[in-house]
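Below are the chains, spelled out letter by letter.
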There are 2 protein chains.
Amino acid sequence: MSALSYDAESDLRDRRRAVRELGAALRELTEAAVSTEVDAETLVEAAEQVRGLVPALSSARRERGQPPTVDDCEQPRRLYNPAAGPGNPIAPPMRVEIVDGIAIGTCTLGLAYEGPPSYVHGGISAMLLDQILGHAHAAANGKPGMTVKLSLRYRRPVPLTTPLRIVGRVVRRDGRCTYPVGTISTADDPNTVLVEAEGAFMVPNAEQNKRLFGELERIV
Amino acid sequence: MSALSYDAESDLRDRRRAVRELGAALRELTEAAVSTEVDAETLVEAAEQVRGLVPALSSARRERGQPPTVDDCEQPRRLYNPAAGPGNPIAPPMRVEIVDGIAIGTCTLGLAYEGPPSYVHGGISAMLLDQILGHAHAAANGKPGMTVKLSLRYRRPVPLTTPLRIVGRVVRRDGRCTYPVGTISTADDPNTVLVEAEGAFMVPNAEQNKRLFGELERIV
């Protein structure tokens, strides 16, 4: 039995679809903005038009501490996650699936993610690995965890505009903690490791949960 | 003597200012998009309007391997850097200054950077620290470097919508390599470390530069 009426469910489905659509459109615009070579006048005009779109979206909004109503407590996927959320323009987004307990992510990074010329920023690689290790942790533990440690070794530069494969798996578990490892490679050459990671993730205990999240209206 | 004529310099100045303006407008729109609670119809309409802005910016564009013409080879700051570039909607952006060889970054992260509810995503903290250690490396070495290793210890969660202070300094230097350390704290309580980092950064040698960047039209 659903807790929501048919109308409320249908409305939520529509809003989730629309959130993904707006996320995708904003990713296109971000990529156009960081790769454009147009003149100053065209840039200023675009900025004015972009600012003109803010009020309609801001007419109803949440603040920090109010989780988005489009998120589903029972779904691990959060629409606005900055690495994997399809509704967040910052997220590539990385698509993640769990296969036999192993988290497998795929994404292609555009010019917005550039660090050294034509390669991915080291911090973006770290973000993708943190996210995939978090998925591996959740698959092994059953509950989302928080990063305690993350160690990265950059072996080779990660190319932009190239399909990537990001893999994470838990190699040890100890109560509320897991110790996942992960790698980034290109989809075409999955055996050549570009960046590797080792992490420690922890599920907060009841006291920590209350201290960190107690003020939230609802924990997602 | 400048390599550019007065008109070309003035044009470049205008374009840089406009790139910053568009970046700022897109950051506002991104934050509005991830915190909106409007209905599906308004979201879909916004997505259409966003898509409508792409063609004007895409009428002249660079591809991977073509550095942006607004960047200045002699300036360490790159306008589209995903952590610190004011022209990149993904970047908070973190403002960075070097004081007595220490890199000091400041930024405030909105809801777009959320990991655990109401706190910063661990990967975003990693990105800011990677960036600040890179600035510390460049201040010590004189040349930009690439991340070889990055180790992060997450001591306390980093709050959203709160002014942050990100500090990096090199503790050891060995030829082309530096070993910087860094921390994130809130601006109000700079002595309480939230996240700490240790890194190893390296300036590529001539052979590596040729292999990694040889195909580029111009190295920034």
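All of these numbers come straight from a predicted model, not from anything done at the bench.

(A) Molecular detail of the overall build of chain A. Of regular secondary structure, chain A possesses 4 helices and 6 strands. Each helix and strand of chain A, placed in order from N terminus to C terminus, yields the pattern α-α-β-β-α-β-β-β-β-α. If one aligns the C-alpha atoms of chain A with their principal axes, the spans along those axes are about 60 × 50 × 30 Å. A burial count over chain A gives 51% of its 220 residues as buried. Accessible surface computed for chain A: about 9900 Å², of which carbon and sulfur atoms make up 48%. One finds the centroid of the 26 positive side-chain charges in chain A at a distance of 9 Å from the centroid of its 28 negative side-chain charges.

(B) The arrangement of the packing of helix α1 (residues 6–35) of chain A against helix α1 (residues 6–35) of chain B in detail. At a minimum axis separation of 11 Å, α1 of chain A and α1 of chain B run at an interaxial angle of 165 degrees. Classified by the angle their axes make, α1 of chain A and α1 of chain B are roughly antiparallel. Of the two elements, α1 of chain A crosses α1 of chain B, and the hand of that crossing is left-handed. Along its contact with α1 of chain A, which presents L22, L26, L29 and A33 of chain A, the element α1 of chain B presents L22, L26, L29 and A33 of chain B. A breakdown of the residues in the contact of α1 of chain A with α1 of chain B according to their chemical character gives 8 nonpolar, no polar and no charged.

(C) Spatial organisation of the side chain of R62 of chain A. Following the sequence through the fold, R62 of chain A ends up in the loop between α2 (40–58) and β1 (95–99). Polar side-chain contacts of R62 of chain A include one of 3.3 Å to the backbone oxygen of Q66 of chain A. In this structure the side chain of R62 of chain A is engaged in a polar contact, spanning 2.8 Å, whose partner is the backbone oxygen of V34 of chain B. In this structure R62 of chain A touches P67, P68 and Y80 of chain A together with V34, S35, E37, L111 and E114 of chain B, once residues within four positions along its chain are discounted.

(D) Inspection of the relation of the copies chain B and chain A at higher detail. Mapping chain B onto chain A calls for a rotation angle of 180 degrees and an axial translation of 0.0 Å; the resulting RMSD is 0.0 Å. What we have between these two chains is a two-fold relation. Minimal C-alpha separation from the rotation axis in chain B is found for S151 of chain B, amounting to 2.1 Å.

(E) Expanded view of the packing of aromatic side chains. Here the structure, examined in full by the defined rule, presents 2 aromatic pairs over all chains. On the numbers, 5.8 Å between centres and 70 degrees between planes, the contact of Y119 of chain A with F213 of chain B is edge-to-face. Here F213 of chain B lies in helix α4 (residues 206–213) and Y119 of chain A lies in the loop between β2 (102–107) and α3 (122–141), a pairing that spans two chains. Side by side, Y119 of chain A and F213 of chain B carry an identical accessibility label, which is buried. Against the face of Y179 of chain B rests R172 of chain B, its NZ or CZ located 4.1 Å from the ring centre.

(F) A look at the UniProt feature "domain: Thioesterase" (unreviewed entry) in chain A. Residues given the UniProt feature "domain: Thioesterase" (unreviewed entry) here are residues 119–174 of chain A. Structurally, residues 119–174 of chain A comprises 36% helix and 36% strand, and the distance from its first C-alpha atom to its last is 37 Å.

(G) Geometry of the packing of α2 of chain A against helix α2 (residues 40–58) of chain B. The geometry of α2 of chain A relative to α2 of chain B is characterised by a closest axis approach of 11 Å and an angle of 175 degrees between their N-to-C directions. As summarised for this structure, α2 of chain A and α2 of chain B are arranged roughly antiparallel, according to the angle between their axes. Each of T42, L43, A46, Q49, V50, L53, A56 and L57 of chain A in α2 of chain A lies in contact with α2 of chain B, whose residues at this interface are T42, L43, A46, Q49, V50, L53, A56 and L57 of chain B. Partitioning the contact of α2 of chain A with α2 of chain B into residue classes produces 12 nonpolar, 4 polar and no charged.

(H) View of the interface of chain B and chain A. In this complex, chain B contributes 89 residues to the contact, which on the side of chain A involves 89 residues. Together, E37, L57 and R64 of chain B form the three largest contributors to the area buried by chain B at its contact with chain A, with a combined 9%. If you look at where chain B meets chain A, you find 8 salt bridges. For R51 of chain A, the salt bridge goes to E28 of chain B, with nearest N and O atoms at 3.0 Å. At the junction of chain B and chain A, the tally comes to 37 residue pairs in polar contact (both at pLDDT 80 or more). Every element with two or more residues in the side of chain B that touches chain A is listed here: α1, α2, α3 (122–141), β3 (146–154) and α4 of chain B. Here the side of chain B that touches chain A takes 16 residues from α1 of chain B, the largest share from any one element. Among the residues making up the side of chain B that touches chain A, the classes are represented as 50 nonpolar, 22 polar and 17 charged.

(I) Structural detail: the sheet that holds β3 of chain B. Here we have 12 strands laid out as an open sheet, ordered β1(A)-β2(A)-β4(A)-β5(A)-β6(A)-β3(A)-β3(B)-β6(B)-β5(B)-β4(B)-β2(B)-β1(B), and antiparallel in their pairing. In this open sheet, the two edge strands, each paired with only one partner strand, are β1 of chain A together with β1 (95–99) of chain B. Neighbour to neighbour, the strand axes of the sheet diverge by 20 degrees on average, direction disregarded. Taken together, the 6 bridges between strand β5 (residues 177–186) of chain A and strand β6 (residues 195–202) of chain A define a ladder with antiparallel strand orientation. Bridging from a neighbouring strand, V181 of chain A pairs with E198 of chain A of β6 of chain A. Along the sheet, α3 of chain A makes contact with β1, β2, β3 (146–154), β4 (164–174), β5 and β6 of chain A, crossing β4 of chain A at roughly 45 degrees.

Here is what the cut-offs are and how they apply
- Residues numbered from 1 in each chain as written.
- Chains lettered and ligands numbered in written order.
- Predicted model: local features only at pLDDT ≥ 70, side-chain atom pairs only at ≥ 80, totals over all residues.
- Heavy atoms only, no water.
- Helix = DSSP H or I, 4+ residues; strand = E, 2+ residues; numbered from the N terminus.
- Buried < 20%, exposed > 50% of the residue type's maximum accessible area, 1.4 Å probe, protein only.
- Areas by Shrake-Rupley, 256 points an atom, 1.4 Å probe, with all protein chains shown as cover.
- Lys, Arg positive; Asp, Glu negative; His and termini not counted.
- Charge placed at Lys NZ, Arg CZ, Asp CG, Glu CD.
- Axes fitted to C-alpha atoms, helices over the stretch in contact; angles between N-to-C directions.
- Parallel < 35°, antiparallel > 145°, perpendicular 65-115°, else oblique.
- Left-handed = near helix turned anticlockwise from the far one by under 90°.
- Contact = heavy atoms within 4.5 Å.
- Nonpolar A, V, L, I, M, F, W, Y, C, P; charged D, E, K, R; others polar.
- Polar contact = N/O pair within 3.5 Å; in protein donor to acceptor, adjacent residues only side chain to side chain.
- Least-squares fit on C-alpha atoms with pLDDT ≥ 70 in both.
- Phe/Tyr/Trp six-rings, centres within 6.5 Å; stacked < 30°, edge-to-face > 60°.
- Lys NZ or Arg CZ within 6 Å of the ring centre and 35° of its normal.
- UniProt positions renumbered as here; feature names shortened; annotations may be inferred.
- Buried area = accessible area lost by both parts, 1.4 Å probe.
- Salt bridge = Lys/Arg side-chain N within 4 Å of Asp/Glu carboxyl O.
- Pairing = 2+ DSSP bridges.

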